[in-house]
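Secondary and tertiary structure notes
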Amino acid sequence: MSAYALLIGLVVAERLAELVVARRNLAWARARGGVEHGRRHYPWIVLAHVGLLAAAPAEVWLLGRPFVPALGWPMLAVVVLAQGLRWWCIRTLGHQWNTRVVVVPGLPLVHRGPYRWLRHPNYVAVVAEGIALPLVHTAWVTALVFTITNAALLAVRVRVENAALAD
């Protein structure tokens, strides 16, 4: 359990680093006339992600979920790969990356890095991590609940983002 708590702590630290980057990029975008879209769904996304990071270790601890190596190690690899993809997206988008939907008028869509192949590669990382992080320690209820919740939120988010980018 202590190794899993460390993993969760590292993911929390990574998320805090994301928020620092996002806040800096939001200021950059607003200084250039950036417009935020979809503010109403953003708090729900934050709540879902905080819930994931709290529920996974709680499920492990409260329900005595074991570490099953045949599942845990591959899921850990997925978590690490998801972080790599997430930061590839952040690096590729540069100042245009944000946890919010912010569009700076006149900037073109990015078509390099992972965006050469996918329109929303960051969400692939979110989905993969949301499934894999709980399953590292067999917290399958958290994985299931987060996946369903995240699917509903991403349906809204992608619709908002596509509309914002089309303007």
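A short tour of the structure in this document, coming up. (Residues numbered from 1 in each chain as written. Predicted model: local features only at pLDDT ≥ 70, side-chain atom pairs only at ≥ 80, totals over all residues. Heavy atoms only, no water.)

Looking now at the side chain of Glu 18. Take Glu 18: it is sitting in helix H1 (residues 2-31). Separated by 3.0 Å, the side chains of Glu 18 and Arg 86 make a polar contact. Glu 18 has contacts with Arg 86, Trp 87, Ile 90, Trp 97 and Thr 99, leaving out every residue within four places of it along the chain. (Helix = DSSP H or I, 4+ residues; strand = E, 2+ residues; numbered from the N terminus. Polar contact = N/O pair within 3.5 Å; in protein donor to acceptor, adjacent residues only side chain to side chain. Contact = heavy atoms within 4.5 Å.)

One number sums up the size of the largest pocket: a volume of about 1,200 Å³. Along the walls of the largest pocket sit 46 residues, with Asn 98, Thr 99, Arg 100, Tyr 123 and Arg 157 positioned nearest its centre. Elements represented by at least two residues in the lining of the largest pocket include exactly H1, strand S1 (35-37), helix H2 (42-63), helix H3 (69-93), strand S2 (101-103), helix H4 (121-135) and helix H5 (140-166). Counting residues per element, the lining of the largest pocket draws most heavily on H5, at seven residues. Class assignment of the residues belonging to the lining of the largest pocket gives a composition of 28 nonpolar, 10 polar and eight charged. (1 Å grid on protein atoms, 1.4 Å probe; cavity = no way out; pocket = protein on both sides within 12 Å on 5 of 7 lines; lining within 4 Å. Points joined across faces, edges and corners; volume = space filled by probe spheres on them. Nonpolar A, V, L, I, M, F, W, Y, C, P; charged D, E, K, R; others polar.)

A few words on unusual backbone geometry. Of all residues except glycine, most have a negative phi; of all peptide bonds, most are trans. A positive phi angle is found at Thr 138, which is not glycine, with a value near 55 degrees. Tracing the backbone shows Thr 138 in the loop between H4 and H5.

Tyr 4, Leu 7, Leu 133 and Val 136 are the most contacted members of the largest nonpolar core, which totals 15 residues. When residues of this core are traced back to their parent elements, those giving at least two are H1, H2, H3 and H4. Among the elements that line this core, the one with the most residues is H1, at four residues. Non-local contacts of Val 136, meaning those with residues more than four positions away in its chain, are made with Tyr 4, Leu 7, Phe 67, Gly 72, Met 75, Leu 76 and Val 79. (Core = buried A, V, L, I, M, F, W, Y, C linked by side-chain atoms within 4.5 Å. Buried < 20%, exposed > 50% of the residue type's maximum accessible area, 1.4 Å probe, protein only.)

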